[in-house]
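Chains, contacts and geometry: an overview
What follows is the residue order along each chain.
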Amino acid sequence: MTFGPRRVHLKEQQRGADATTIGTLLLHVPGFLCSLALIAGVSYMLLPDLGWLPTALWIASGALAFHRPTESFFARHVLGFRYPTLQERDRLAAAWREVAARAGVDGRAYELWIEESEELNAYAAAGHIVGVTRFSLDHLPNGQLAAVLAHELGHHTGGHAWSSLLGYWYSLPGRLAWAALRTVTRLVFLVTSRFSAAATGLLFLVLGPLVLFLTISLWYLVLPVLIAPYLLAAVGRRSELRADRHAAALGFAPMLSEVLSTMHTGERAAEAAALQAGQQVHRPGILAGLLSSHPAYHTRLHHLEPYLRQRG
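Residues numbered from 1 in each chain as written. Predicted model: local features only at pLDDT ≥ 70, side-chain atom pairs only at ≥ 80, totals over all residues. Heavy atoms only, no water.

**Some details on helix H4 (residues 68-78)**
Cut-off, in case you're wondering: For each residue, the accessible area found with a 1.4 Å probe, counting protein chains only, is set against the maximum for its type, and the residue is called buried under 20%, exposed over 50%, and partly exposed in between. In DSSP terms, a helix is any run of H or I states spanning at least four residues, a strand is any run of E spanning at least two, and both are numbered starting from the N terminus. By arc we mean the arc of the directions from the helix axis to the C-beta atoms, nothing more. In what follows, residue pairs with any heavy atoms lying within 4.5 Å of each other are defined as contacts.
When H4 is considered as a whole, its buried residues turn out to be Glu-71, Ser-72 and Ala-75. For H4, the angular spread of the buried residues around the axis is 100°, confining them to a single face. Opposite the buried face of H4, at more than 90 degrees from it, the exposed residues are Pro-69, Phe-73, His-77 and Val-78. For H4, the secondary structure elements touched by its buried residues are strand S1 (81-82), strand S2 (111-115), strand S3 (122-125) and strand S4 (129-133). Once H4 ends, the next one or two residues include Gly-80, with phi positive near 80°.

Structure representation (structure tokens):
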């Protein structure tokens with residue numbers, strides 16, 4: 001499939017916030033509140049008269065998710081992306097123009113990046129980043145490459161990318177504090193266990209009721225934080241299906257189904273090769289499946305079938 005130049009008819013509404021975006025933001029509220037309490041507490045402890053300033057700066061820092069230089073820094077130094085070469089840019093630009101034209105969006109609002117990877121994959125990140133692996137660029141036909149880009153554009157136009165980044169950023173202080181607390185607790189139990197089992201048991205008897213009391217007293221914060229990862233994963237799976245639907249609605253359903261089938265076949269071939277080599281294949285259990293942010297390939301292919309029948 002070749003793409004020629006064409007006129008782009010821009011939609012008035014370039015972006016939105018669909019149900020999965022709203023759900024993601026709501027599910028991150030408990031984590032945000034825990035982080036806010038932590039940041040404010042430490043700020044007022046260190047700066048009694050100016051404690052509001054670090055807190056306000058932290059809240060305002062979320063705007064950096066839409067700051068283009070910060071996004072470029074994030075893409076290069078956090079995600080490990082690089083700018084495309086001239087040849088890569090020419091190939092990406094042709095597919096991207098076609099996707100933008102069909103979607104009615106201004107393709108120039110987004111930045112295309114390359115990840116040095118031998119996997120078939122692509123990413124939507126922050127406010128304007130679309131990343132493609134070098135393997136995808138080198139091996140996918142034009143139509144399939146466009147389908148992958150249309151899927152990632154669906155994440156952007158639906159608000160999935162920026163809401164996930166904001167949720168992650170605002171819940172990060174609370175998560176880091178929780179991870180530090182768990183590490184310290186494990187170290188304390190490790191140290192006491194070297195003295196005697198009695199000391200470990202005494203520590204458990206002291207800390208156990210305290211943790212139970214805090215859990216019961218603050219259940220309205222503890223419970224949402226504990227179940228949030230499972231709910232966020234479920235919302236993430238729904239956002240993937242919505243991005244698939246976005247690509248399919250633009251006419252890329254056959255090409256996207258081919259990409260998904262290729263990825264599914266590659267996954268099964270890798271498992272078969274591992275088994276043949278005598279290696280143990282670890283398949284995810286029920287809990288791991290509930291924490292997966294992507295639906296199974298057969299689920300995604302099933303949701304594409306109505307669009308394939310329409311073309312037939």
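**Considering helix H5 (residues 86-103)**
Note the following rule: In this scheme, a helix's expected span is set at 1.5 Å multiplied by one less than its residue total.
With 18 residues, H5 should reach 26 Å at 1.5 Å per residue; the first-to-last C-alpha distance of 25 Å fits that figure. Buried within H5 we find Glu-88, Leu-92, Ala-95, Trp-96, Glu-98, Val-99, Ala-100, Ala-101 and Ala-103. Positive phi shows up at Gly-104, right after H5, with a value of about 75°.

**What to know about the packing of aromatic side chains**
What counts here: Any two of the Phe, Tyr and Trp rings considered here, Trp counted by its six-membered ring, make a pair once their centres fall within 6.5 Å; the pair's planes then place it as stacked at under 30 degrees, edge-to-face at over 60, or tilted in between.
In the structure shown here, the tally under the stated rule is 7 aromatic pairs. Here the aromatic rings of Tyr-83 and Trp-113 are separated by 4.2 Å at their centres, their planes lie at 25°, and the arrangement is stacked. Remark: Trp-113 occurs in strand S2 and Tyr-83 occurs in the loop between S1 and H5; sequence separation between them is 30 residues. Grouped by ring-pair contacts, the aromatic residues Phe-32, Trp-58 and Tyr-170 constitute a single cluster.

**Brief notes about the nonpolar core**
Defined as follows: Note on terminology: a nonpolar core comprises buried Ala, Val, Leu, Ile, Met, Phe, Trp, Tyr and Cys residues joined through side-chain atoms within 4.5 Å.
Among the nonpolar cores identified, the biggest contains 35 residues, and Leu-92, Trp-96, Val-99, Leu-145, Leu-149, Leu-153 and Phe-252 are the most heavily contacted of them. For this core, the elements supplying multiple residues, two or more each, are H5, S2, S4, helix H7 (142-157), helix H10 (219-276) and helix H12 (297-311). Per-element accounting of this core gives the leading share, 9 residues, to H10. For Val-99, the residues in contact, after removing those within four places along its chain, are Ala-146, Leu-149, Ala-150, Leu-153, Leu-250 and Phe-252.

**Quick notes on the pattern of salt bridges**
Spelled out, the test is: Salt bridges are defined as contacts in which a side-chain nitrogen from Lys or Arg sits within 4 Å of a carboxyl oxygen from Asp or Glu.
One pass over the structure, following the stated rule, counts 10 salt bridges. The partner of Glu-116 in a salt bridge is Arg-82, with the nearest N and O atoms 2.7 Å apart. Of the two residues, Glu-116 is situated in the loop between S2 and S3 and Arg-82 in strand S1; the sequence distance between them amounts to 34 residues. A relative accessible area of 46% means that Glu-116 is categorised as partly exposed.

**Section: the sheet that holds S3**
Selection rule: Any two strands with at least two DSSP bridges between them are considered paired. Orientation is described by lines fitted to C-alpha atoms, with helices fitted over the stretch in contact, and by angles between N-to-C directions that extend from 0 to 180 degrees.
Strand order in this open sheet of 4 strands is S1-S2-S4-S3, and the pairing throughout is mixed. Looking at strand neighbours, the two that pair on one side only are S1 and S3, the edges of this open sheet. For S2 and S4, the ladder comprises 5 bridges, and the chain directions are parallel. In the sheet register, Trp-113 faces S4, and the bridge partner there is Gly-131. Relative to the sheet, H4 contacts S1, S2, S3 and S4, its axis offset from that of S2 by approximately 15°. Across the sheet, H5 touches S1, S2 and S4, and the angle it forms with S2 is around 125°.

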